[in-house]
Structures are given as C-alpha cells and as structure tokens.
Amino acid sequence: MQRRDFLKLSVRTAAAAAFASRANAQGAVKEIRIGYQKTGVLVITRQRAALEKHFAPQGIEVKWVEFSSGPPMMEAMNVSSIDYGAVGDSPPVFAQAAGAAIVYAAGQPITNGQGILVSEDSPIRSIADLKGKRVGFTKGSSAHNVVVQTLEKAGLTYADITPVYLTPPDAGPAFASGSIEAWAIWDPYFAIGETRQNGRILINAREVTRTNSFYIANRAFAKNHGAILQQIVNVTSATGQWAEQHRDEVAKSLAAITGVPLDIQTVAADRAKFVIGPITDDIVATQQGVADRFFKLGLIPKPIVIRDIVWRNPAA
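Residues numbered from 1 in each chain as written. Predicted model: local features only at pLDDT ≥ 70, side-chain atom pairs only at ≥ 80, totals over all residues. Heavy atoms only, no water.

**Observations concerning the pairing of strand S1 (residues 31–36)**
A large share of S1 lies buried, amounting to five of its six residues. Across six bridges, the pairing between S1 and strand S2 (residues 61–66) is parallel. What sits directly across from arginine 33, in S2, is lysine 63. Sheet analysis places S1 next to strand S3 (residues 84–87), joined by two bridges and oriented parallel. Within S3, the residue paired with isoleucine 34 across the bridge is tyrosine 84. (Buried < 20%, exposed > 50% of the residue type's maximum accessible area, 1.4 Å probe, protein only. Helix = DSSP H or I, 4+ residues; strand = E, 2+ residues; numbered from the N terminus. Pairing = 2+ DSSP bridges.)

**With respect to the pattern of salt bridges**
Taken as a whole and judged by the stated rule, the model has 10 salt bridges. Across the pair glutamate 152 and arginine 293 runs a salt bridge whose closest N-O atoms are separated by 3.3 Å. Residue glutamate 152 is located in helix H6 (residues 142–153), and its partner arginine 293 is located in helix H13 (residues 281–296); the two are separated by 141 residues in the primary sequence. Note that aspartate 281 and arginine 307 form a salt bridge whose closest N and O atoms lie 3.3 Å from each other. You can see aspartate 281 sitting in helix H13 and its partner arginine 307 sitting in the segment after H13, a full 26 residues away along the chain. By relative accessible area, which is 53% here, aspartate 281 ends up exposed. (Salt bridge = Lys/Arg side-chain N within 4 Å of Asp/Glu carboxyl O.)

**Side note on the packing of aromatic side chains**
A full pass over the atoms with the stated rule returns seven aromatic pairs. On the numbers, 5.9 Å between centres and 80 degrees between planes, the contact of tyrosine 36 with tryptophan 64 is edge-to-face. With a gap of 28 residues between them, tyrosine 36 in strand S1 and tryptophan 64 in strand S2 connect regions that are remote in the sequence. The same class applies to tyrosine 36 as to tryptophan 64, namely buried. Positioned above the aromatic ring of tryptophan 242 is the side chain of arginine 48, whose terminal nitrogen or guanidinium carbon lies 3.8 Å from the ring centre. (Phe/Tyr/Trp six-rings, centres within 6.5 Å; stacked < 30°, edge-to-face > 60°. Lys NZ or Arg CZ within 6 Å of the ring centre and 35° of its normal.)

**Comments concerning the packing of helix H5 (residues 90–97) against H13**
Think of two packed helices as two axes; the pair is described by the angle between the axes and how far apart they sit. Relative orientation of the contacting elements H5 and H13 amounts to 60 degrees, with a least axis distance of 10 Å. Judged on the interaxial angle alone, H13 and H5 are oblique. Remark: the crossing between H5 and H13 carries right-handed chirality. Of H13, the residues touching H5 (which contributes Ser90, Pro92, Val93 and Phe94) are Gln287, Val290, Ala291 and Phe294. Looking at the contact of H5 with H13 residue by residue, the classes come out as six nonpolar, two polar and no charged. (Axes fitted to C-alpha atoms, helices over the stretch in contact; angles between N-to-C directions. Parallel < 35°, antiparallel > 145°, perpendicular 65-115°, else oblique. Left-handed = near helix turned anticlockwise from the far one by under 90°. Contact = heavy atoms within 4.5 Å. Nonpolar A, V, L, I, M, F, W, Y, C, P; charged D, E, K, R; others polar.)

**What to know about the packing of helix H11 (residues 247–258) against helix H12 (residues 262–271)**
It is the contact of H11 with H12, at a shortest axis distance of 8 Å, that shows an interaxial angle of 130 degrees. Relative to H12, the element H11 is oriented oblique. For the pair H11 and H12, the sense of crossing is right-handed. Between H11 and H12, the contacting residues are Arg247, Val250, Ala251, Lys252, Leu254, Ala255 and Thr258 on the first element and Leu262, Gln265, Thr266, Ala269 and Asp270 on the second.

**Observations concerning the sheet that holds strand S7 (residues 162–165)**
Reading across the sheet, the five strands line up as S7-S6-S8-S5-S9 and stay open at both edges, with mixed pairing between neighbours. Edge positions in the sheet fall to S7 and strand S9 (199–204), since each has one partner strand and no second. Within this sheet the neighbouring strands show an average axis-to-axis angle of 30 degrees, counted without direction. As judged from the five bridges shared by strand S5 (residues 114–119) and S9, these two strands associate in the antiparallel manner. Residue pairing across strands places isoleucine 116 opposite isoleucine 203, the latter belonging to S9. Contacts from helix H7 (residues 168–177) reach S5, strand S8 (182–186) and S9, with the element oriented near 145 degrees to S8.

What follows is the structure, given as structure tokens:
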C-alpha cells in the first residue's frame, strides 16, 4: 500500500467517524451489513440464513456484500459501509497502519488451503527458484504475507522477485497464460489453480508459517453495539462448529452461494478449518510478527500494536 493510499484512507477514516456519530444518534440497529468472500464460515452462515434467523425476532435485517479480497473489504469497513467481515492476516495490518476504524472481534487458524502455485511443467522446483520470477498476488492480502515469509525461508529478499499485484479474478487468467510464473493465493482459487489451470503446489503456507484469518468489525459498531456484535460472533462460531462436522454440506453451500463448481469447493471444504474463537495472546503474538515484518520491509509506514485494536466485550 503506497503512501497516497494511506492519505486516502485517513480521509475516509474522518468520514467514518462522522458516520458513526450519526449512526449512534439514530439509536437501535435496524440492519447488519456483512462482508464476505468466496469461501469460509460466513458463506455457510449466509447459505443457512443463520444470522437472519437469529436477528429476525429483534427486528434486525442482514445484508450481505461480496468482496474479491480483504483489502477492499477493510476500506469499506473503515467508512462504515459494512459492520463485520472475514479476512486473512495481512489486510487488517495494512488497515490499522492507515488508521482504519476497525477492531479484531474473533480469530481462526488457517491450517491449509493457501500457498504458492507454479505450472505443472515449470522449471521452478524450490523456493530459491523464485528468484527473478514474476510472482502474482493481491497486495495487502494474506497471500502477501505468505510470499514475504516464503522468501525469508529460502534466504531471499522481497527485492529478489518481481511482485505483480493482481486481484484473484485477474490473477487466475494471468497464471493460466503464463504472464506470471508463480501465484500466491487462497482457497477456492488455490483449488481452482490446482484442478483447472494445471497448477502444481510449490509450497503450502503451513510449511512456512502459522497463519490466521480474522473476523473484523467496524470500530464504532463494536463500541456502540457490543451486545449485537457478540451475538454475531456467537452465531458465526456456532456455524463454524457445525461446518466441522458437515463438510459435504459445506461444499454444497459454498458452491451454491459462490458459483464455484462443487468439485472445487469440495477440495476447499475438505482441507479447511472452521473453528472460530477469541483473539488469544498466541494469535496476537503471531499477528504482531506479521506487522513487525511488514514495517521492517517498508510495506507499512509506521509500527503498530495489534493489541490496541483487539475488541473485548465489556459485558464478558
């Protein structure tokens, strides 16, 4: 994220504060806006209408907004366009460094379904072979962190590759055509690359580092409507517990909502972890390592403290 992006986000932060003030003055929550991507517990939650069923007796409607990746979701949350959403580890780091109005509400370890792909016939056989190569990934995403840590593992630097910043819908065709030589990505795109685009896994993220995904809330929403946020987290967590035991149904839900073929979503569902929990000290420490690494590389303009934006329910 470049400095002009941080300036834009700072302006948006001021707008978000003004919006939050108006929203607080308006009183009770009438609508909850949820940001989601093409995979994960929130897709299942939507398919099962779990939040709708929970909040209907309270007169609260649920609106769903799809995003292709985490960074634009964080921008939307910063300006209060959405209240809650799920992202990987890197987007909230970039957002916090830019002063975004977000908090960490819950966490989820990622044990599989993310890594770096190369084509089946590629001469790239090791991490060291990435030197001088064009590596595609979404800037500010969890894949960004995977690339950084993968390079460190092989003793390479960020300057040793040519990063090509692409959203997942753009990166897929670029990978298939050979205009990028490696693709760092997450499921279901990771599975698409394997099964539809002649991809070979160079490295799984779990071989390089521990990674987490997060459930993020707008800061004003969390402050003014903590009881509602806790209910959202509880329903999301219960859905995750259900998903752990019903992977076949999960794959069908993911396919129905996203339009990604069932065989691909089955691959993604079978290797996913769905259990959601609080932001523990261990998760904070891991995420702080991501932030510190990004600052050291100059990817964010200032050091940040992850713990500063971890939400704690005052009623808990």
